[in-house]
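Understanding the architecture of this molecule
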Amino acid sequence: MAITQQELGTRIRAAREASHMTQDEVAKHLGVSRPTVVQIEAGNRSVSSLELDRLAYLFGRDIREFVAESFKEEDTLAALFRAQPDVVEQPAVMEKLRECMALGRELTNLERLVGIDRDLTAVATYARQAPRTKWESIQQGQRLAAEERRRLGLGSAPLPDLADLLETQGVRTGLVELLEDVSGLTLSDRSIGLFVVANRSHHHLRRRFSFAHEYAHVVVDRERSGLVSRAADRDDLVEVRANSFAASFLMPEEGVRKFVAGLGKGSPSRAYAEVFDEVGSVDVEGRSEPGSQAVQLYDVVQLAHYFGVSRLAALYRLRNLRLVSAAEFEQLKALDDAGKGKQLAEMLGLPEPDDSIVRNEFRHRFLGLALEAYRREEISRGKLKELATMVDLTADELDRLIEDAGLDDDEPALARAK
């Protein structure tokens, strides 16, 4: 049953208010006057399909929600605004959120068109009370990481690609150019499922940590609908928990200690024992050579490479596990800041991959699904072009992609019709 123009106006107003936007802001986005928006919301002016599409993007909605039989006034972005109200005051962050919502929705639709069904039952959920202190946040993060590693049967070994791991759990992942202050975000929406995004502009090792950070939000903060992870919020208890989870998930304590022990390090300089024979005991003291147990920067380089983390992340983990003292941490960090760590990595044959050539798997998967949907005549060439634009593919590049894929000679009938 088609809704009335007045009902459509009421829904547009509800979506605007849930998004904490003014009529002036909406008018500016549509390129109309404020009185026009007033008339639209009152049901006195019709809304074109193009305007409705722009409004849906602005409010982070699926356009179909506005014409469905029922309408939910509060959605994912509205819930996120309530949880992180200061986000609304940052237009650049808001625009990136809308972009991510649109990408997630299009990805979900493409998977549906080609017959991919996400099994969200594979995603773990852990019930935890909100932490009351930073120390409690750290402890919760560590326990959660250990539990999830056990559930996945990962032991203490290095993790595989984090995006791939999330995908196997039914979570969609993406790389998007975000603001420098934003490392990633997690969205939980009825129309896109679970969608985790990392900042494409960050170094790939930082993105790996970000995916691990967002993994924590997936398994324990899902009821919040959405979370934006920003450096400015690192003192927030939920963010402290997620960072603790990420460090423990990427570098489990047992694995780190075994690795350091394999280097002949990590033992106390002095060890004491008593040998008991049912009658009496003999005191025994063992001593290591002075300085032999001190972790060196080349040890940190090897540890970081083994677990696929940055040298700085490895240093912090060593300090938190008390494998280096505060003074040793500062000394090693100063050496790394001076470029010594990178030089050692290259000399040891462990250089970091060139970040400029790291593949954007999300872009490849998104375009691959779009091409397949086009080949099956599920979408038109115009829609394919729209989707390609969303991942920064030019019209000329798209034409070459279609030609190389062998889809240009026998253009789908649907594409010709549209």
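See the structure printed just above.
Every value quoted in this text rests on a predicted model; they were computed, and no experiment measured them.

1. Quick look at the overall build of the protein chain
A tally of helices and strands in the protein chain yields 19 helices and six strands. Scored against the burial criterion, the 418 residues of the protein chain give a buried share of 46%. The long-range fraction of contacts in the protein chain, counting pairs at least 24 apart against all pairs at least 6 apart in sequence, stands at 67%. Counting every atom, the protein chain has about 21,300 Å² of accessible surface; 50% of that belongs to carbon and sulfur.

2. Looking at the pattern of salt bridges
Under the counting rule described, the total for this entry stands at 29 salt bridges. Here Arg257 makes a salt bridge to Glu253, at a shortest N to O gap of 3.0 Å. With Arg257 and Glu253 both in helix H11 (residues 253-262) and four residues apart, this pair spans about one turn of that helix. Using a relative accessible area of 35% as the deciding quantity, one classes Arg257 as partly exposed. Looking at Glu253, the relative accessible area reads 40%, which means it is partly exposed. One salt-bridge network, held together by shared partners, links Glu106, Lys383 and Glu386.

3. Points about the packing of helix H2 (residues 23-30) against helix H3 (residues 34-42)
Contact pair H2 / H3: the axes reach a minimum separation of 8 Å and the direction vectors enclose 105 degrees. Comparing the axis directions of H2 and H3 gives the class roughly perpendicular. Here Gln23, Asp24, Val26 and Ala27 of H2 lie close against H3, whose contacting residues are Arg34, Val37, Val38 and Glu41. Taken together, the residues that form the contact of H2 with H3 break down as four nonpolar, one polar and three charged.

4. A closer look at the packing of aromatic side chains
Evaluated as defined, the whole model comprises nine aromatic pairs. Ring centres 6.3 Å apart and planes at 45 degrees place the aromatic pair Phe195 and Phe362 in the tilted group. One end of the pair, Phe195, is in strand S3 (residues 193-199); the other, Phe362, is in helix H16 (residues 361-375), with 167 residues separating them in the sequence. We note that Phe195, like Phe362, is buried. Taking 5.7 Å as the distance between ring centres and 35 degrees as the angle between the ring planes, the aromatic pair formed by Phe362 and Phe366 counts as tilted. Placement of both Phe362 and Phe366 in helix H16 is noted, with a separation of four residues, approximately one turn of the helix.

5. Notes on unusual backbone geometry
In this model, Arg322 sits at a positive phi of 60 degrees, which is unusual for a non-glycine residue. Within the element layout of this structure, Arg322 appears in the loop between helix H13 (311-320) and helix H14 (326-337). Unusually for a residue other than glycine, Glu377 sits at a positive phi of about 65 degrees.

6. Description of the pairing of strand S1 (residues 172-176)
Taken across its five residues, S1 has five buried, putting it largely inside the fold. Across the two faces of S1 the burial is the same, with Arg172, Gly174 and Val176 and Thr173 and Leu175 all buried. Where S1 and S3 come together, five bridges link them in parallel fashion. Paired with Thr173 across the two strands is Val196, which belongs to S3.

7. Side note on the sheet that holds strand S4 (residues 226-230)
A sheet is described by the order of its strands in space; here four strands give the open sequence S1-S3-S2-S4, paired in mixed fashion. Single-partner strands in this sheet number two, and they are S1 and S4. Each strand axis lies, on average, 15 degrees off the axis of its neighbour in the sheet, ignoring direction.

8. Regarding the nonpolar core
If you look at the biggest cluster of nonpolar residues, it comprises 48 residues, and the most contacted ones within it are Leu162, Phe249, Val256 and Leu318. If one sorts the elements of this core by residue count, helix H9 (residues 204-220) sits on top with seven residues. In contact with Phe249, other than residues within four places in its own chain, are Ala145, Glu148, Arg149, Leu152, Leu154, Leu159, Leu162, Leu165 and Tyr215. Grouped together as the second largest cluster of nonpolar side chains are 37 residues, Leu185, Phe366, Ala370 and Leu371 included.

9. Thoughts on the environment of Thr22
One can find Thr22 in the loop between helix H1 (5-18) and H2. Taking the C-alpha atoms as reference points, Thr22 and Arg34, separated by twelve residues in sequence, lie 9.4 Å from one another.

10. Considerations on the pairing of S4
Counting buried positions along S4 gives five out of five residues, so the element sits mostly inside the fold. Residues Gly226, Val228 and Arg230 of S4 are buried on one face, and the alternating residues Leu227 and Ser229, pointing to the opposite face, are buried as well. Note that strand S2 (residues 182-189) and S4 share five bridges and pair antiparallel. Bridge assignment links Thr186 to a residue of S4, and that residue is Leu227.

11. Observations regarding the environment of Ala247
Mapped onto the elements, Ala247 comes out in helix H10 (residues 237-250). Given the relative accessible area of 18%, Ala247 is considered buried. For the pair Ala247 and Ala145, spaced 102 residues apart in the sequence, the C-alpha separation amounts to 8.6 Å. The residues contacting Ala247, other than those within four sequence positions of it, are Phe209 and Arg317.

Conventions and cut-offs
- Residues numbered from 1 in each chain as written.
- Predicted model: local features only at pLDDT ≥ 70, side-chain atom pairs only at ≥ 80, totals over all residues.
- Heavy atoms only, no water.
- Helix = DSSP H or I, 4+ residues; strand = E, 2+ residues; numbered from the N terminus.
- Buried < 20%, exposed > 50% of the residue type's maximum accessible area, 1.4 Å probe, protein only.
- Contact = heavy atoms within 4.5 Å.
- Areas by Shrake-Rupley, 256 points an atom, 1.4 Å probe, with all protein chains shown as cover.
- Salt bridge = Lys/Arg side-chain N within 4 Å of Asp/Glu carboxyl O.
- Axes fitted to C-alpha atoms, helices over the stretch in contact; angles between N-to-C directions.
- Parallel < 35°, antiparallel > 145°, perpendicular 65-115°, else oblique.
- Nonpolar A, V, L, I, M, F, W, Y, C, P; charged D, E, K, R; others polar.
- Phe/Tyr/Trp six-rings, centres within 6.5 Å; stacked < 30°, edge-to-face > 60°.
- Pairing = 2+ DSSP bridges.
- Core = buried A, V, L, I, M, F, W, Y, C linked by side-chain atoms within 4.5 Å.

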